[in-house]
Number of protein chains: 2
Amino acid sequence: MSGRQLHLNINILHSGFSPAAWRMEGSDPRASFDVNHYVRVAQIAERGTFDAVFLADQAAISDRVDFRPLTSLEPTIVLAMVAANTERIGLIATASTTYNEPYNIARRFATLDHASNGRAGWNIVTSADLAQSRNFGLQKPVAHASRYERASEFAAVVKALWDSWEEEAFIGDATTGRFVDAGRVHPIAHSGKHFSVHGPHNIPRPPQGHPVIVQAGGSDDGRELAAEHAEAVFSASQSFEESLDYARDLRRRATRCGRPDNSIVVLAGLATIIGSTEAEAKRRQDELRDLIPLEYSLARLAGVLQVDRSRLELDAPLPGDIPLPADGGHTFFRATVALAQREGLTVRGLIRALNGGTGHRTIVGTPKDIADDIETWFTAGAADGFNLMPDVLPHGLDVFVDEVVPILRRRGLFRHEYGGRTLRDHLGLARPDNPYAAAAE
Amino acid sequence: MSGRQLHLNINILHSGFSPAAWRMEGSDPRASFDVNHYVRVAQIAERGTFDAVFLADQAAISDRVDFRPLTSLEPTIVLAMVAANTERIGLIATASTTYNEPYNIARRFATLDHASNGRAGWNIVTSADLAQSRNFGLQKPVAHASRYERASEFAAVVKALWDSWEEEAFIGDATTGRFVDAGRVHPIAHSGKHFSVHGPHNIPRPPQGHPVIVQAGGSDDGRELAAEHAEAVFSASQSFEESLDYARDLRRRATRCGRPDNSIVVLAGLATIIGSTEAEAKRRQDELRDLIPLEYSLARLAGVLQVDRSRLELDAPLPGDIPLPADGGHTFFRATVALAQREGLTVRGLIRALNGGTGHRTIVGTPKDIADDIETWFTAGAADGFNLMPDVLPHGLDVFVDEVVPILRRRGLFRHEYGGRTLRDHLGLARPDNPYAAAAE
């Protein structure tokens, strides 16, 4: 295998990427509420030597729950159960910086990292939507810029807490009775615009130093946050060029933040519908599409575009004057509008092209088609890896692991077995130095 | 076995109740930071058909970390790992109502309850101390009354969220495509003094209806909160009469809140040092005591009494004018002062009597001594069960399960096997009705 290493992450989007996944034969309609489903999917991904599993999060109910599973169970609890039932695979959970406190998040992810022997990752989100804001005492979402400003300070506080124990702080000498060297455990005494946190943390430094910081920002503020803090990003690029531009832009920004060139792993979103022939894959796509109620798809599209549903006419193009949402959701908004314009689609055509999804790029094809696409993107640097969203779970992942992964391995693109033990090992990310250790040198 | 059922809960106080537990032969000094330790202890408790394991919590570092393990790892993550490695035992985690948001806590405990098939419990604390307040943007703790007022509203919001899905809300009919009956998922539209939460919850009603609500308040406000919300309480009574009074007072208050007589299970704190003879138990007690640095014990006592350490003279009685702390920590303050006065102890004698502990009642004796004590308290109604704190973990629990539990079983006091599957089953607590179901009848 060459020096550069392909990375594969599975987005356990409950029953699968397709809104109709739960209705397919073999699917358990209850899977989204059953932690055993997440465990089973993670075990399949581990069999395929994936880097990590990922869980999105949303602290509010979806208004399309009539028709499909929603983001529901709290991800760190689910991933702790996954940790107990797996050995090597990374565990990336989403948590909002807008509706949490940094001391609590530092502890939760440090605990998951200790409990999993260094497999935890934290996907930072800033929670743009109204429904969440109303569950946390607000009448409208926090403004975009303020959310990102808070997120940046939040992440800095969390990292400072993780670093507040020097590596050598724990002594545990039963003979002398010295348990911890308190002189090596430091208050962080943070006093900023959004937070005042005295510290220190009450947990020794996590096995990875810091759990891996993940982010998915597409907006300018989001990219700045990623450039400053993220070690892996989920991108939602629709095209090869877009993804290449995104990766270059992010690296430029990271360099400006003083970070080394290889410090961010770009994982491109990739939805898959796999068949043993192209015709079979297309039939599967049609089958899934026919199971999605049109009522659902229209509501979904109106939500992404943040327009009233009455403005969307099925057999007309998108209205030309849809404004960029004042606040949040820019990534999927842009991807969706770009898709409609590029392909000259009507609303009905756009709905078909989206497959009920959120604007993530979808490949419908054979295992070889998918391996070819992955190789092209990876080799040209449009992505360092992929955030995989199979149509139906666990089925679509099972097929990927049994039929796509072997091709990628044969081509020398993907690991045959895990080379390391931590998520940082898998992603090829350095373990951050403890600043106190550096200061002492 | 008679109708009334003894309940046993294990407080997994990291390495054990004794501050020197981590120094004993056979102890792993790292145990407090190792989730496998908690799993191991829980498995022993499950072998002994205990009702539940319990984890305390503190979102700050202890200032006595030099000498002994501290409350460290985040308990819901640890208990999710325990859930994955056990089948029946209940899982009670502490979470603060002062430094969390109700929507987040509702989700975390609902997820743990779903993931464990109905074994979750939530121990409500209000976090009195300065160290925690300074990790959450405050310069001093929130005032006592305000903390309890917030806690009461917090618990009401959490319960309303758990109830926001009717039992029949989930449909999951793959044929019709109806996933959830959104008409049976209700916004809570809570607007109160401390919280404004629109809801609904994004998780179906937990298997237990509500995870079991636990509390440990000794103060007047604490007892009112328990009377209103708690289904199990941890008490810190030093004497039989005190515990009897406490149980009666709590039941009186609960009746005033309109709750049935058997709706609160009183679990009395019980620290144990077990030997096969009384002499052996006393030798063990001495051994543990000799391993506790005096410096530690003085700091600990000064902390409980909230006085400057310089006011404590080793060979004099406690100063007579120590005021009840202005804010919080009353339970252990009262228990400690009462012990010193009752026994006429010097500071040194008090430290010896406390065994480095926090004022919890300690029995030093044979398995039969402990079983006798438990039977006396239980039969007379001074407690419905015990919150067990063995001197050293897992050793002290192993001995309890192998040597005390069989006596309790032979006497017809304690279950031989689990009769039910949920924590409510174990505790003999009714599953709360969903108010929407009641309204529809």
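Here, residues in each chain are numbered from 1, in the same order as that chain's written sequence. Ligands are numbered from 1 and chains lettered from A, in the order in which they are written. Local features in this predicted model are restricted to residues whose pLDDT is 70 or higher, and side-chain atom pairs enter the listing and the counts only when it is 80 or higher, whereas totals over whole chains, interfaces and linings include all residues. Processing note: side-chain calculations cover all non-hydrogen atoms of the structure and skip hydrogens and water entirely.

Trainee: I'd like to hear about helix H13 (residues 395-410) of chain A, residue by residue, with values.
Mentor: All names here are of chain A. Secondary structure counts use DSSP, requiring at least four H or I residues in a row for a helix and at least two E residues in a row for a strand, with both numbered from the N terminus. Here the expected span of a helix is defined as 1.5 Å times the quantity of residues minus one. Along its 16 residues, H13 runs 23 Å from first to last C-alpha, staying within 8% of the 22 Å computed at 1.5 Å per residue. The term bend refers to the angle at a residue between two fitted axes, each drawn through seven residues, those ending there and those starting there. Maximum bend of H13: about 35°, positioned at Val401. Three or more residues of H13 are buried, namely Gly396, Leu397, Val399, Phe400, Val401, Val404, Val405, Ile407, Leu408 and Arg409. Residues are treated as being in contact if the distance between any of their heavy atoms lies within 4.5 Å. Summarising the contacts, the buried residues of H13 are in contact with strand E1 (7-11), helix H1 (35-47), strand E11 (265-274), helix H12 (367-380) and strand E13 (385-390). The classification of residues rests on relative accessible area computed with a 1.4 Å probe and restricted to protein chains. Under 20% of the type maximum is buried, over 50% is exposed, and intermediate values are partly exposed.

Trainee: Help me get a handle on the pattern of salt bridges, residues and values and all.
Mentor: All names here are of chain A. When a carboxyl oxygen of Asp or Glu is within 4 Å of a side-chain nitrogen of Lys or Arg, the pair counts as a salt bridge. In this structure the tally under the stated criterion is 62 salt bridges over all chains. The partner of Glu375 in a salt bridge is Arg411, and the shortest N-O contact between them spans 2.9 Å. Of this pair, Glu375 sits in helix H12 while Arg411 sits in the loop between H13 and helix H14 (423-427), and the two are 36 residues apart along the sequence. The partly exposed category is assigned to Glu375, whose relative accessible area is 28%.

Trainee: Outline the packing of aromatic side chains, supporting the account with residue identities and numerical values.
Mentor: A pair of aromatic rings is counted whenever rings of Phe, Tyr or Trp (Trp by its six-membered ring) have centres within 6.5 Å, and the orientation is called stacked for planes under 30 degrees apart, edge-to-face for over 60 and tilted otherwise. Per the counting criterion, the structure on display carries 29 aromatic pairs over all chains. Between A:Phe170 and A:Phe179, the aromatic rings sit 5.2 Å apart at their centres with planes inclined by 90°, giving edge-to-face as the arrangement. With respect to class, A:Phe170 is no different from A:Phe179; both count as buried. Considering the side-chain rings of B:Phe50 and B:Phe400, the 5.9 Å spacing of their centres and the 75° angle between planes classify their relative orientation as edge-to-face. Here B:Phe400 lies in helix H13 (residues 395-410) and B:Phe50 lies in the loop between helix H1 (35-47) and strand E2 (52-55), a separation of 350 residues in the sequence. Judged by its relative accessible area of 0%, B:Phe50 is buried. With a relative accessible area of 0%, B:Phe400 lands in the buried category. An aromatic cluster is defined as three or more aromatic residues linked by ring pairs; in this entry it consists of A:Trp22, A:Phe33, B:Trp165, B:Phe170 and B:Phe179. A ring is considered to have a charge above it if a Lys NZ or an Arg CZ atom is located within 6 Å of its centre and within 35 degrees of its normal. Lying across the ring of A:Trp377, A:Arg361 places its NZ or CZ 3.6 Å from the centre. Positioned above the aromatic ring of B:Phe378, the side-chain terminus of B:Arg4 is 4.0 Å from the ring centre.

Trainee: So what's going on with the packing of helix H3 (residues 102-115) of chain B against helix H5 (residues 144-162) of chain B? Which residues, and what values?
Mentor: Residue and element names in this part refer to chain B. Taken N-terminus to C-terminus, the directions of H3 and H5 make an angle of 55°; their axes are 9 Å apart at the nearest point. The angle between H3 and H5 falls in the class oblique. For the pair H3 and H5, the crossing hand works out as right-handed. Listed contacts from H5 to Pro102, Tyr103, Ile105, Ala106, Phe109 and Ala110 of H3 are Phe154, Val157, Val158, Leu161 and Trp162. Under the convention adopted here, Pro, Cys and the residues Ala, Val, Leu, Ile, Met, Phe, Trp and Tyr are nonpolar, Asp, Glu, Lys and Arg are charged, and Gly plus all remaining residues are polar. Among the residues making up the contact of H3 with H5, the classes are represented as 11 nonpolar, no polar and no charged. Geometry is summarised by axes, namely lines fitted to C-alpha atoms with helices restricted to the contacting stretch, and by angles between N-to-C directions that run from 0 to 180 degrees. Oblique is the label for every angle not falling under 35 degrees (roughly parallel), over 145 degrees (roughly antiparallel), or within 65 to 115 degrees (roughly perpendicular). Crossings are sorted by hand: turned counterclockwise from the far helix by less than a right angle, the near helix makes the crossing left-handed, and turned clockwise it makes it right-handed.

Trainee: Got a sec to walk through the relation of the copies chain A and chain B? Specific residues and values, please.
Mentor: Residues below a pLDDT of 70 in either copy are left out; the C-alpha atoms of the rest, at least 70 in both, set the least-squares superposition of the copies. The transform that puts chain A on chain B rotates by 180° and translates by 0.0 Å along the axis, for an RMSD of 0.0 Å. Read as a symmetry element, the transformation amounts to a two-fold axis. The share of interface residues of chain A whose copies in chain B are also at the interface is 100%, consistent with both copies meeting through the same surface.

Trainee: Please give an account of the domain arrangement of chain A that cites residues and values.
Mentor: Residue and element names in this part refer to chain A. How far each domain reaches was decided by an automatic or database domain assignment. As assigned here, chain A comprises domain 1 (7-164 + 199-278 + 359-429) and domain 2 (293-355). Centre-to-centre, using C-alpha coordinates, domain 1 lies 25 Å away from domain 2. Each side of the interface is counted separately: domain 1 has 21 residues, and domain 2 has 18 residues. Here domain 1 packs against domain 2, burying approximately 1600 Å² in sum over the two surfaces, 59% of which is carbon and sulfur. At the surface where domain 1 touches domain 2, the tally comes to 0 salt bridges. Here a polar contact is taken to be a pair of N or O atoms separated by no more than 3.5 Å, where protein atoms must pair a possible hydrogen donor with a possible acceptor and residues adjacent in sequence count only if both atoms sit in side chains. There are 1 residue pair in polar contact (both at pLDDT 80 or more) connecting domain 1 and domain 2. In terms of residue class, the side of domain 1 that touches domain 2 is made up of 9 nonpolar, 8 polar and 4 charged. What gets called buried area is simply the loss in accessible area from a 1.4 Å probe that two parts show on being joined, summed for both.

Trainee: Help me get a handle on the pairing of strand E1 (residues 7-11) of chain B, residues and values and all.
Mentor: Residue and element names in this part refer to chain B. For E1, a buried count of 5 out of 5 residues is recorded, marking the element as mostly surrounded by other parts of the structure. Burial along E1 is two-sided: the residues His7, Asn9 and Asn11 and Leu8 and Ile10 are all buried. In short, DSSP must find at least two bridges between two strands for them to pair. Taken together, the 4 bridges between E1 and strand E13 (residues 385-390) define a ladder with parallel strand orientation. Across the sheet, residue His7 finds its bridge partner in E13, namely Gly385. As judged from the 3 bridges shared by E1 and E2, these two strands associate in the parallel manner. Residue pairing in the sheet places Ile10 in a bridge with Val53 of E2. Think of it like this: strands point away, you trace from the first strand over the helix to the second, and a clockwise trace means the crossover is right-handed. The handedness of the E1 to E2 crossover, carried by H1, is right-handed.

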